[in-house]
Amino acid sequence: MVTVKIDGIEVQVQEDTPILKAAEKAGIWIPTMCHSELFEPYGVCRLCSVEVIRGKRTRIVTACNYPVREGLTIQTNSAKIQWIRKIIMELMLSRWPNVKVVSEMAAKLGVKESRFPSLERDEAEDACILCGRCVNVCREVVQAEILAFAHRGIKREVVLPFGDQSNKCIVCGACAHVCPTGHIKMVVEDYKGKKPEFTLGVKTPISVPTLQAVPRVPVIDTESCIYFETGGCQTCAKVCEPQAINYKMEDEIVEVEAGQVLLTTGYDLFDASKLAQYGYGRLDNVYSSLDFEAILNSTGPTGGKVVMKNGNEPRSVGILHCIGSRDVENHPYCSRVCCMYALKFAHLVHDRTDAAIYQFYIDMRAFGKGYEEFYSRLLDEGITMIRGKAAEVVERSHGINGDGSLLIRCEDTLIGKFREIPVDMVVLCNAIEPRHDIEAIRRIFSISKSPDGFFLERHPKLDPTSTMSDGIYIAGCAQGPKDIPDTVAQAGSAAARILSIIAKGEVDIDPIRAFIDEKYCAGCRMCNNLCPYSAIDFIDDKKISQINDVLCKGCGTCVAACPASAITGKGFSDAQIFAELEGLLAI
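Each value, and the rule that gives it
- Residues numbered from 1 in each chain as written.
- Predicted model: local features only at pLDDT ≥ 70, side-chain atom pairs only at ≥ 80, totals over all residues.
- Heavy atoms only, no water.
- Pairing = 2+ DSSP bridges.
- Helix = DSSP H or I, 4+ residues; strand = E, 2+ residues; numbered from the N terminus.
- Axes fitted to C-alpha atoms, helices over the stretch in contact; angles between N-to-C directions.
- Core = buried A, V, L, I, M, F, W, Y, C linked by side-chain atoms within 4.5 Å.
- Buried < 20%, exposed > 50% of the residue type's maximum accessible area, 1.4 Å probe, protein only.
- Polar contact = N/O pair within 3.5 Å; in protein donor to acceptor, adjacent residues only side chain to side chain.
- Contact = heavy atoms within 4.5 Å.
- Expected span 1.5 Å × (residues − 1).
- Domains from an automatic or database assignment.
- Patch = residues over 30% accessible without salt bridge, like charges linked within 9 Å, V, L, I, M, F, W, Y side chains within 5 Å.
- Areas by Shrake-Rupley, 256 points an atom, 1.4 Å probe, with all protein chains shown as cover.
- Salt bridge = Lys/Arg side-chain N within 4 Å of Asp/Glu carboxyl O.
- Phe/Tyr/Trp six-rings, centres within 6.5 Å; stacked < 30°, edge-to-face > 60°.
- Lys NZ or Arg CZ within 6 Å of the ring centre and 35° of its normal.

1. Details of the pairing of strand 3 (residues 49-54)
Here is step 1 of the chain: Looking at chain direction, strand 3 and strand 4 (residues 57-62) are connected through six bridges and run antiparallel. Looking at the pairing, Glu51 lines up with Ile60 of strand 4.
Here is step 2 of the chain: Turn length for the strand 3-strand 4 hairpin, with the two strands adjacent in sequence and antiparallel, is two residues, and the turn residue Gly55 shows positive phi of about 70 degrees.
Here is step 3 of the chain: One ladder, built from three bridges, connects strand 3 with strand 5 (residues 73-75); its direction is antiparallel. Across the sheet, the residue bridging to Ile53 is Thr73, located in strand 5.

This is the structure:
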């Protein structure tokens, strides 16, 4: 530690700390236009000039990159320094008079107007002030080295290599992030026709997936992270106090021995772009349910405000139910949760805006506790309910007999008429569908699927948590569409079943299973390939097949397929069945 005196205030800092940082610790403000915490300071703007006194020697240095030494006396606001800063600000103000950061800094330093004419005067509000932040961040942080200074004096400018776009630019936006004037901008070109995730708001390469993520920790998108593109940046690792960021970590497969497994795969959301008539990914202000959930979230891209892409509040909102569900062309089943979250959306839009709200539904399925009361509450709030599935969403110009930019066409079955409703925003209630990898999981655990694509339970009413494979349980949307209360109840039931077997210490085996008579088995292995539970093994020494009594479920597939009739069901042999028939006929 060294002790320096800044404007009469003694402060202790680490040796080689820049004067700018030492002054900050002492509570002294030093102006600067080019400094950034992201890269090595280089004092190009010269506004941070200070007077350094050591013994009888006085020097003018830039505070952002001049290190402190023991015994230094520093004057940050002497008459000489004030004169230097005002001259610099007058020169900047004469060249860039309308740039906000320049005029604000000039006001702080007491400069109202410039006495010098500029031969390169630029009156744009977002003019480049040659601070060099973009050049330094591209070279030192991103390590792409796309931007550089060219020429000298008043002809100095920031340019691209050979004045043309470079394929080495990874469009990371770091230059736009550090630009103090807004001269460099990140523009989404021709976003029309792209899905709303491209236009809902800024998302950085490192973020928390959702507010409900478990565990709630940030993840890095390797496809957009600067480090994985150029090997540069690593800013997040530098500021992470627990040093929890490891760029070299890779996915790995960990094998764990377990006696019982609970499958909770979750679900996928139906891609509404498959239904072109609703305009998702094709028309502006058409959102899926998860897109709109992000908009309503207080930490979302709009801070919880219901606004359109142009930033204006919608005058009318249409909420369309059953997009992809209750549809024989896509999913014939009901997704269960859509009606209630659609009503929630309507309530929140009504609470936060003055928009007219329309609900387009087939049947209102408010089946849970308090759900019907919530539906009645929305009717009292003035939400318009239209019974009829919307046919299509089309564009509508502002000047044609209406005030909406979109038009929803539907049949109102309650009044028996075709209707066209003008709206500014459309929210689609997408169907819940099985996970895209559910077939691979099904094969791993040797369980069945129901016709709707979800995992098949042992019994829909008496045993909805277990499967035909002992020790394999299912819960949540792995079994079928359901809301949070039902998911929690089913998961609790499955956990109780698992714990009861652990506490018991023994496993009961179903007495109904297949049996192979070894003297009749020819070793054809036909049954080995047919068994859905992988319960039949081939014994090489004996050249016969053998059934694992624990895995066998007595389905009878092998019994029917065995060409030698060597396999029978225990308790259901031919002799036993014939005896039962004789007993019945004798009666």
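2. Looking at the sheet that holds strand 2 (residues 9-13)
Here is step 1 of the chain: Reading across from one edge, 2-1-5-3-4 is the order of the five strands in this open sheet, with mixed pairing throughout. Across the chains shown, the open sheet's two edge strands, defined by having one partner strand only, are strand 2 and strand 4. For this sheet, the mean angle separating the axes of adjacent strands, direction not counted, is 30 degrees.

3. Section: the nonpolar core
Here is step 1 of the chain: The biggest cluster of nonpolar side chains holds 35 residues, and the ones touching the most others in it are Phe292, Ile319, Leu343 and Met385.
Here is step 2 of the chain: Per-element tally for this core: the top contributor is helix 9 (residues 338-352), with nine residues.
Here is step 3 of the chain: Counting residues in each nonpolar core, the second largest holds 22 residues, with Tyr278, Leu320, Tyr358 and Cys410 among its members.

4. Considering the side chain of Arg513
Here is step 1 of the chain: By the secondary structure assignment, Arg513 is in the loop between helix 12 (484-504) and strand 22 (514-516).
Here is step 2 of the chain: On the basis of relative accessibility, which here comes to 18%, the residue Arg513 falls in the buried class.
Here is step 3 of the chain: A polar atom in the side chain of Arg513 sits 3.4 Å from the side chain of Asp549.

5. Observations regarding the environment of Leu456
Here is step 1 of the chain: On the secondary structure map, Leu456 appears in the loop between helix 11 (438-445) and strand 21 (472-474).
Here is step 2 of the chain: Taking the C-alpha atoms as reference, Leu456 lies 23 Å from Asn430; in sequence the two are 26 residues apart.
Here is step 3 of the chain: Setting aside residues up to four positions removed in sequence, Leu456 forms contacts with Ser448, Lys449, Ser450, Thr467 and Ile474.

6. Examining helix 2 (residues 79-95)
Given 3.6 residues per helical turn, the α-helix brings residues three or four places apart onto the same face.
Here is step 1 of the chain: For helix 2, spanning 17 residues, the distance from its first C-alpha to its last is 25 Å, which sits close to the expected 24 Å at 1.5 Å a residue.
Here is step 2 of the chain: Against strand 3, strand 4, strand 5 and helix 3 (100-108) lie the buried residues of helix 2.

7. Thoughts on the domain arrangement of the protein
Here is step 1 of the chain: Taken domain by domain, the protein comprises domain 1 (2-77), domain 2 (128-246), domain 3 (268-433), domain 4 (436-504) and domain 5 (514-586).
Here is step 2 of the chain: Look at where the C-alpha atoms of domain 3 and domain 5 centre, and you get two points 56 Å apart.

8. Comments concerning a nonpolar patch on the surface
Here is step 1 of the chain: A cluster of nonpolar residues, Ile512, Phe572, Ile577, Phe578, Leu581 and Leu584, forms a patch on the protein surface that exposes about 580 Å² of accessible area.
Here is step 2 of the chain: On the secondary structure map, Phe578 appears in helix 15 (residues 574-586).

9. Brief notes about the sheet that holds strand 14 (residues 356-361)
Here is step 1 of the chain: Ordered by their spatial adjacency, five strands build an open sheet running 12-19-13-14-15, and the pairing between neighbours is parallel. The open sheet has two edge strands with one neighbour each: strand 12 (286-288) and strand 15 (384-387). For this sheet the average axis-to-axis angle between neighbouring strands, irrespective of direction, equals 20 degrees.
Here is step 2 of the chain: Where strand 14 and strand 15 come together, four bridges link them in parallel fashion. Following the sheet pairing, Tyr358 is matched in strand 15 by Thr384.
Here is step 3 of the chain: Along the sheet face, helix 8 (residues 289-296) touches strand 12 and strand 19 (425-430) and points at about 95 degrees away from the line of strand 12.

10. A word on the side chain of Glu90
Here is step 1 of the chain: Here Glu90 lies in helix 2.
Here is step 2 of the chain: In this structure Glu90 comes out as buried when scored by relative accessible area, which is 7%.
Here is step 3 of the chain: Among all residues touching Glu90, those that are not within four sequence positions of it are Val111, Glu113, Ser114, Arg115 and Phe116.

11. Description of the pairing of strand 2
Here is step 1 of the chain: The sheet contact formed by strand 1 (residues 2-6) and strand 2 spans five bridges and is antiparallel. Within strand 2, the position partnered with Ile6 by the bridge is Ile9.
Here is step 2 of the chain: Here strand 1 folds back onto strand 2, and the loop between the two strands holds two residues, one of which, Asp7, carries a positive phi near 50 degrees.

12. With respect to the packing of aromatic side chains
Here is step 1 of the chain: Under the defined criterion, the tally for this structure stands at seven aromatic pairs.
Here is step 2 of the chain: For the ring pair Tyr227 and Phe228, a centre distance of 5.3 Å and an interplane angle of 85 degrees mean the geometry is edge-to-face.
Here is step 3 of the chain: Phe228 gets classed as partly exposed once you look at its relative accessible area, which sits at 35%.
Here is step 4 of the chain: Taken together, a centroid distance of 5.7 Å and an interplanar angle of 75 degrees make the contact between Phe367 and Tyr371 edge-to-face.
Here is step 5 of the chain: The positively charged end of Arg156 is found above the aromatic ring belonging to Phe149, 3.8 Å away from the centroid.
Here is step 6 of the chain: If you follow Arg525 out to its NZ or CZ, it ends over the ring of Phe538, 3.8 Å from the centre.

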